[in-house]
Amino acid sequence: MAGAEPYPRKILQYMEGFLVSKALFSACELGVFERLQGSQSSASDLALALGCSEDGIERLLNTCVSLELLTARTDPHGADLYSNTEMSSMFLLKSSPRSLCQSIEYSSRTIYLCWHYLSDAVREGRNQYEKAFGVDSRDLFEAMYRSDEEMVKFMHLMNSIWNICGRDVITAFDLSPFRCICDLGGCSGALAKQCVSAFPESTVTIFDLPKVVRTSQQHFVCNQDERICFCEEAEFLKDLHAALKLIVHGCRDPEKSKDSHKASEQSFIPYTNLYDISKIHSEWMM
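Residues numbered from 1 in each chain as written. Predicted model: local features only at pLDDT ≥ 70, side-chain atom pairs only at ≥ 80, totals over all residues. Heavy atoms only, no water.

A.B. asks: Teacher, can you tell me more about the overall build of the protein here?
C.D. replies: The helix and strand tally for the protein stands at 15 helices and 6 strands. Counting the 286 residues in the protein, one finds 36% classified as buried. Relative to all contacts within the protein whose residues are 6 or more apart in sequence, the contacts with residues 24 or more apart total 54%. Entry remark: accessible area of the protein is about 17,400 Å², with carbon and sulfur atoms responsible for 54%. (Helix = DSSP H or I, 4+ residues; strand = E, 2+ residues; numbered from the N terminus. Buried < 20%, exposed > 50% of the residue type's maximum accessible area, 1.4 Å probe, protein only. Contact = heavy atoms within 4.5 Å. Areas by Shrake-Rupley, 256 points an atom, 1.4 Å probe, with all protein chains shown as cover.)

Below, the structure is given as structure tokens:
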């Protein structure tokens, strides 16, 4: 309408966007989707089963309905019965091969807390693990891997993300000519699994920190898959690893980024080509 005052729709959406994230996080943490697996239930029955207040769980359930994470129908007695949507059954159940539950848990308990200090991160130009968790944050991976439990949680995060988008990312390149592929910082091995699935004639060697390699072998990569092997990061990889840190974790200086790409490629010549998966992954997610 001509002359009408502008309505700040986008600003309101951005301002309240974290409420949507937290509703999803809470529904997962409370076990709502697990409890509704293959069934339907009323708010009162769910409140009893999950140890929640009936009013609180009903509000959360209705929020999930509005977000299209749950469906609701009214039974002949007038009670609302809730059930999972197809999307929730596929991505929000721990038993699903495409589950995002581990990623959601990490986002809620780690990433969400770090983003609380975004203003400080912008001012200081560094991550905020020290404020969020009271740990030395000078080395990002030392902060993320501050305990064996936290390392496994992070690896589950990476595993769940690559299970969703890994094949799309890895097939953005034609790697079929390469028989030996090296994955530097391969973490849980999820991307390596996608790689050998997409290019069955290839083998993948995962290079990572010794403690990450041991954890991946223990929890994530089956010994029967002979096409995937590990190499604990050795002395000859240190310069390459330092160069790649500028690439993978966002070098702001174009000249430095160009130099680090060149140094990384020269470290492997004449054995292979260097592909920056993180850049393709970021573009795919947008």
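A.B. asks: Teacher, can you tell me more about helix α10 (residues 148–170) here?
C.D. replies: Since one α-helical turn is 3.6 residues long, residues separated by three or four positions face the same way. The terminal C-alpha atoms of α10 lie 29 Å apart, and with 23 residues this falls more than 12% below the ideal 33 Å at 1.5 Å per residue. Remark: the principal bend of α10, roughly 55°, maps to isoleucine 164. (Expected span 1.5 Å × (residues − 1). Bend = angle between axes of the 7 residues up to and from the residue.)

A.B. asks: Explain the environment of threonine 215 to me, please; I cannot follow it from the model alone.
C.D. replies: In this fold, threonine 215 is placed in helix α12 (residues 210–219). Its relative accessible area of 9% is what places threonine 215 among the buried residues. Every residue in contact with threonine 215, bar those within four places of it in the chain, is listed here: Met151, Val152, Met155 and Phe220.

A.B. asks: Help me understand the confidence of the model for the protein, please; the structure alone is not making it clear to me.
C.D. replies: Do not read the predicted coordinates in detail wherever pLDDT is low. In this model, the protein carries an average pLDDT of 84, and 80% of its residues clear a pLDDT of 70 or more. For the protein, helix α13 (residues 238–248) is the element with the lowest average pLDDT, namely 47, and helix α2 (residues 32–35) is the one with the highest, namely 98. Throughout residues 243–253 the model reports pLDDT below 50, and contacts reaching past four residues in sequence, or to other chains, amount to 21 contacts. Note that residues 279–286 has pLDDT below 50 and, in this model, 10 contacts with residues that lie over four places away or in other chains. (pLDDT = per-residue confidence, 0-100.)

A.B. asks: Which parts of the structure should I look at to understand unusual backbone geometry?
C.D. replies: Excluding glycine, most residues fall at negative phi; most peptide bonds, likewise, are trans. In this model, glutamate 68 sits at a positive phi of 65°, which is unusual for a non-glycine residue. Looking at where glutamate 68 falls in the secondary structure, it is placed in the loop between α4 (54–66) and β2 (70–74). The phi torsion at cysteine 187 lies on the positive side, around 55°, for a residue other than glycine. Within the secondary structure, cysteine 187 is located in the loop between β4 (180–184) and α11 (190–198). In this structure cysteine 187 comes out as buried when scored by relative accessible area, which is 6%.

A.B. asks: Looking at this structure, I do not really get the pattern of salt bridges. What am I missing?
C.D. replies: One side chain can pair with another of opposite charge once the charged atoms of both are near each other. For the coordinates displayed, the defined rule picks out 11 salt bridges. For the salt bridge of arginine 126 with glutamate 124, the shortest nitrogen-to-oxygen distance reads 3.3 Å. Under the relative-accessibility criterion, arginine 126 is labelled partly exposed at 40%. Taken together, the salt bridges that share partners define one network made up of Glu124, Arg126, Glu130 and Lys131. (Salt bridge = Lys/Arg side-chain N within 4 Å of Asp/Glu carboxyl O.)

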